Amino acid sequence: MKTNASAKKRFVLTGSGKIKRRHAFKRHILTKKTTKQKRALTHTGLIATVDLKEVKLLLHI
């Protein structure tokens, strides 16, 4: 079975087994967003525990 191509581009597995992700809303229409908002969206986050099962299925982990 193939790994989902869009999922492998979006998520990274950490050493401890957690899955890292990027924040949304940082691609375009940035002029109306405050500097504080944009700075906060720069940092990576972790996948919520609710979505973990679904993402692991897509990545075949």
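Residues numbered from 1 in each chain as written. Predicted model: local features only at pLDDT ≥ 70, side-chain atom pairs only at ≥ 80, totals over all residues. Heavy atoms only, no water.

1. Details of the overall build of the chain
Going by this rule: Secondary structure is summarised from DSSP: a helix means a run of H or I of at least four residues, a strand means a run of E of at least two, and numbering begins at the N terminus for each. The rule is simple: take the accessible area with a 1.4 Å probe, protein chains only, and divide by the maximum for that residue type; under 20% is buried, over 50% is exposed, in between is partly exposed. The contact definition used throughout considers only heavy atoms, calling two residues in contact when any of these lie within 4.5 Å. In these tables, accessible area is a Shrake-Rupley quantity obtained with a 1.4 Å probe, and a residue counts as shielded only by the protein chains included in the view.
What the chain contains, in helices and strands, is three helices and three strands. The order of helices and strands in the chain, counted from the N terminus, is α-β-β-α-β-α. Relative to its full complement of 61 residues, the chain shows a buried share of 15%. Restricting to contacts in the chain with at least 6 residues of sequence separation, those with at least 24 account for 53%. As presented, the chain carries roughly 5400 Å² of accessible surface, and 58% of it is formed by carbon and sulfur atoms.

2. Here's the deal with the sheet that holds strand S2 (residues 19-21)
For clarity, the cut-off: When DSSP finds two or more bridges between two strands, those strands count as paired.
A sheet is described by the order of its strands in space; here three strands give the open sequence S1-S2-S3, paired in antiparallel fashion. Sheet topology places strand S1 (12-13) and strand S3 (45-46) at the edges, where each strand pairs with a single neighbour. In this structure, S1 lies alongside S2, joined through two bridges in antiparallel fashion. Looking at the pairing, Leu13 lines up with Ile19 of S2.

3. Regarding the environment of His60
As for its placement among the helices and strands, His60 is situated in the segment after helix H3 (52-59). Residue classification places His60 among the partly exposed positions, given a relative accessible area of 37%. The spatial distance from the C-alpha of His60 to the C-alpha of Ala7 is 10 Å, given a sequence separation of 53 residues. Setting aside residues no more than four positions away along its own chain, His60 makes contact with Met1, Lys2 and Thr3.

4. Remarks on the side chain of Lys33
So the rule is basically this: When charges are tallied, Lys and Arg are placed among the positive residues and Asp and Glu among the negative ones, while His and the ends of the chain are skipped. The term salt bridge refers to a side-chain nitrogen of Lys or Arg lying within 4 Å of a carboxyl oxygen of Asp or Glu. In protein, a polar contact requires one atom able to donate a hydrogen and another able to accept it; more generally it is a pair of N or O atoms within 3.5 Å, and residues adjacent in sequence count only if both atoms are side-chain atoms.
Tracing the backbone through its elements, the reader meets Lys33 in the loop between S2 and helix H2 (35-42). Despite its burial, Lys33 pairs with no opposite charge, the nearest such side chain being Asp51 at 20 Å. A distance of 3.4 Å separates the side chain of Lys33 from the backbone oxygen of His28, its partner in a polar contact.

5. Regarding the nonpolar core
Across soluble globular proteins, nonpolar side chains have a tendency to be buried as a group. Rules: Side-chain atoms within 4.5 Å are what join buried Ala, Val, Leu, Ile, Met, Phe, Trp, Tyr and Cys residues into a set we call a nonpolar core.
Core analysis: the biggest nonpolar cluster contains six residues, these being Ala7, Phe11, Ile19, Ile47, Val55 and Leu59. Apart from residues lying up to four places away in sequence, Ile19 is in contact with Phe11, Val12, Leu13, Gly45, Leu46, Ile47, Leu52, Val55, Lys56, Leu59 and Ile61.

6. Details of a positive patch on the surface
Formally: Patches draw on residues past 30% relative accessible area with no salt bridge. Two like charges within 9 Å are joined, as are two nonpolar side chains (Val, Leu, Ile, Met, Phe, Trp, Tyr) within 5 Å. Every charge is mapped onto a representative atom, which is NZ of Lys, CZ of Arg, CG of Asp or CD of Glu.
There is a patch of like positive charges on the surface, built from Lys2, Lys8, Lys9, Arg10, Arg22 and Arg27. Judged by relative accessible area, which is 70%, Arg27 ranks as exposed.

Shape is all these values report; function is a separate question.
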